[in-house]
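Working through the structure, step by step
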Amino acid sequence: MQAIITATVLVGAIGLLMGLLLITVDKKFKVEVDEKELAVREYLPGNNCGACGYAGCDAMASAIVHEEAPVNGCPVGGAAVAEKIAHIMGVDAEETEKMVAFVKCSGDCENAAARAHYVGITDCASAVASGLSPWTCDYGCIGFGTCASVCPFDAISVHNGVASVDRDKCRACGKCVAACPKHLIEILPDKSKYAVRCSNRDRGIAVKKVCSAGCIACKLCEKQCESDAVHVENNVSHIDYAKCVSCGKCAEKCPVKVIKQRA
Amino acid sequence: MNTSLILIIITTALVNNVVLSQFLGICSFLGVSKQIKASASLGAAVIFVITISSAVANLLYTFLLEPLHLDYLNTIVFILVIATLVQMVEMFLKKTSPAIYKALGIYLPLITTNCAVLGVALTNVQDGYGFVESVVAGFGTAVGYTIAIILLAGIRERIDESSVPAPFRGAPVVLLSAALMAIAFMGFGSLAL
């Protein structure tokens, strides 16, 4: 009995002492932290997952307050958290540009030429690994919906052999971008009206053979663009959304209509 | 005296390497060994924490637990004190030298109650080390940890660039490398000390 009491008292006393010590040290060595930082930290999820690219939520809060990170930089918290943080930071949440994922392929069952009937694991990565894509185009959407299965917001669906993104549901978390074995998905500003729906880097003749809707790299769009936003690189047209004014001239001239107005 | 201290350092750092022959602190050893830079920072933090904690643990044992015949309480008391100590050091560093805090910052709380830290404190008691010997043993152990984790990080950086057979990719190849390192470190056991 004696032993139990001594042990309990000793451990209890040490615990209490250490607690008090921590409190005093904390008070004495208090580092002034920006109140905004604390407030921002309060709204962040706090599971220190590091998905934002910073070393935990504290670092992220500090980066947001110092305007190194965007207020909607937390992919876990999503729009709800972004709004609250935007409120603290005095920025209008609307000002933060909504981004959406976009699948750069229009090779659906009508446009793209089929290679063979695929029998196997219906997963894009497996199909790519086996080298047995159902389509002759080496760059296009496989259509097994690996992107749709990783999407946490149920925003991606596969129609007619090509994945498409529901702009209202998409939160631009980037999971699909990482999952697509063909690297077809790009995150672009929601307000942009036009997008190139092809990623084929082969030359025009080769593209024509495998898909009737592919970009043939004719550069007509590049010549039409008045704001220097459209360029053909690696045999595929690409729009720079920082410069694009959504005038639609490129889409008008495109002979294969691969630059389309987005629904 | 001096030769025995050198002996302690060699024994703790190489022969009885904390990770590779005692298998303590494996979690951080495997967790933070992806890049040499990060593992060197962690190693520095470990050296810092283990050296201080083995000093404090020794004082605590000799002046409190032993006189009261409560040495069976050493584990729980050490955990309490070491956790507090690391927290305090962290606060102290945050205030006084933000540069060091930034370099060690995220690693300090990680190793607060790492089993290697506690293991050293308990082994020192077991081996009946005095104050100076405890500190030196702690330092040596931490240096051993740092050597091991930096070596593994170097190996992993090279593994990343080589083609590993699919079933071995990721954790298995890392565990295999660690196992091979452990076998290699057994060679130090034949040092005639």
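Summarised in this report is the structure supplied together with it. Source: prediction; values computed, not measured.

The next thing to look at is the interface of chain B and chain A. Taken together, the contact between chain B and chain A spans 19 residues of the former and 16 residues of the latter. For the pair chain B and chain A, the summed buried area comes to about 1500 Å², and 89% of that belongs to carbon and sulfur atoms. For the chain B face of the interface with chain A, the top three residues by lost area are Met-88, Met-91 and Lys-95 of chain B, together amounting to 31%. Viewed at the interface, chain A and chain B are joined by zero salt bridges. Mapped by element, the contributors of at least two residues to the side of chain B that touches chain A are helix 3 (36-65) and helix 4 (74-96) of chain B. Looking at the side of chain B that touches chain A element by element, the count peaks at 12 residues for helix 4 of chain B. Of the residues that constitute the side of chain B that touches chain A, the class distribution is 14 nonpolar, three polar and two charged.

Bringing the environment of Met-99 of chain A into the picture now. Residues and elements named next belong to chain A. The residue Met-99 is located in strand 1 (residues 99-103) in this model. For Met-99, a relative accessible area of 30% puts it in the partly exposed group. Placed 68 residues apart in sequence, Met-99 and Arg-167 show a C-alpha to C-alpha distance of 8.9 Å. In this view, Met-99 contacts Cys-170, Arg-171, Ala-172, Ile-187, Leu-188, Pro-189 and Asp-190; residues no more than four positions away in its chain are not counted.

The subject of this paragraph is the packing of helix 1 (residues 2-15) of chain B against helix 8 (residues 131-161) of chain B. Residues and elements named next belong to chain B. Where helix 1 meets helix 8, the closest approach of the two axes is 7 Å, and the angle between their N-to-C directions is 35°. Once helix 1 is placed against helix 8, the crossing between them reads as right-handed. Of helix 8, the residues touching helix 1 (which contributes Leu-5, Ile-8, Ile-9, Thr-12, Ala-13 and Leu-14) are Val-132, Glu-133, Val-136, Ala-137, Phe-139, Gly-140, Thr-141, Gly-144 and Ile-147. Grouping the amino acids of the contact of helix 1 with helix 8 by side-chain chemistry returns 10 nonpolar, four polar and one charged.

We now examine unusual backbone geometry. All names here are of chain A. The backbone of Asn-234 sits at a positive phi, close to 50°, despite the residue not being glycine. With respect to the element layout, Asn-234 can be found in the loop between strand 6 (230-233) and strand 7 (236-239). Phi at Asn-235 takes a positive value of approximately 65°, unusual for a residue other than glycine. Take Asn-235: it is sitting in the loop between strand 6 and strand 7.

Here the focus is the nonpolar core. Judged by nonpolar contacts, the single largest core of 53 residues is most densely connected at Leu-20, Phe-29, Leu-42, Leu-65, Leu-73, Val-77 and Phe-78 of chain B. Sorting the residues of this core by element identifies helix 1 (2-28) of chain A together with helix 3, helix 4, helix 6 (107-110), helix 7 (115-126), helix 8 and helix 9 (171-186) of chain B as the ones contributing at least two each. Per-element tally for this core: the top contributor is helix 3 of chain B, with 10 residues. A domain-level breakdown of this core finds at least three residues from each of domain 1 (35-149) and domain 2 (163-193) of chain B. Setting aside residues no more than four positions away along its own chain, Leu-42 of chain B makes contact with Ser-28, Val-32, Tyr-107, Ile-111, Tyr-145 and Ile-149 of chain B. If you look at the next biggest cluster of nonpolar residues, it comprises 22 residues, including Ala-217, Val-232, Ile-239 and Cys-250 of chain A.

Turning our eyes to something else, we now look at helix 9 of chain B. Residue and element names in this part refer to chain B. For helix 9, built from 16 residues, the straight-helix expectation of 22 Å at 1.5 Å per residue is met to within 8% by its first-to-last C-alpha distance of 23 Å. All of the buried residues along helix 9 are Val-173, Val-174, Ser-177, Ala-178, Met-181, Ala-182 and Phe-185. Each element contacted by the buried residues of helix 9 is listed here: helix 1, helix 2 (26-31) and helix 8.

Before going further, it helps to examine the side chain of Thr-84 of chain B. Summarising the element assignment, Thr-84 of chain B is placed in helix 4. A polar side-chain atom of Thr-84 of chain B sits 2.6 Å from the main-chain carbonyl oxygen of Leu-80 of chain B. Non-local contacts of Thr-84 of chain B, meaning those with residues more than four positions away in its chain, are made with Met-18 and Leu-22 of chain A.

Calculation rules
Residues numbered from 1 in each chain as written. Chains lettered and ligands numbered in written order. Predicted model: local features only at pLDDT ≥ 70, side-chain atom pairs only at ≥ 80, totals over all residues. Heavy atoms only, no water. Contact = heavy atoms within 4.5 Å. Buried area = accessible area lost by both parts, 1.4 Å probe. Salt bridge = Lys/Arg side-chain N within 4 Å of Asp/Glu carboxyl O. Helix = DSSP H or I, 4+ residues; strand = E, 2+ residues; numbered from the N terminus. Nonpolar A, V, L, I, M, F, W, Y, C, P; charged D, E, K, R; others polar. Buried < 20%, exposed > 50% of the residue type's maximum accessible area, 1.4 Å probe, protein only. Axes fitted to C-alpha atoms, helices over the stretch in contact; angles between N-to-C directions. Left-handed = near helix turned anticlockwise from the far one by under 90°. Core = buried A, V, L, I, M, F, W, Y, C linked by side-chain atoms within 4.5 Å. Domains from an automatic or database assignment. Expected span 1.5 Å × (residues − 1). Polar contact = N/O pair within 3.5 Å; in protein donor to acceptor, adjacent residues only side chain to side chain.

By themselves, these figures tell us nothing about what the structure is for.
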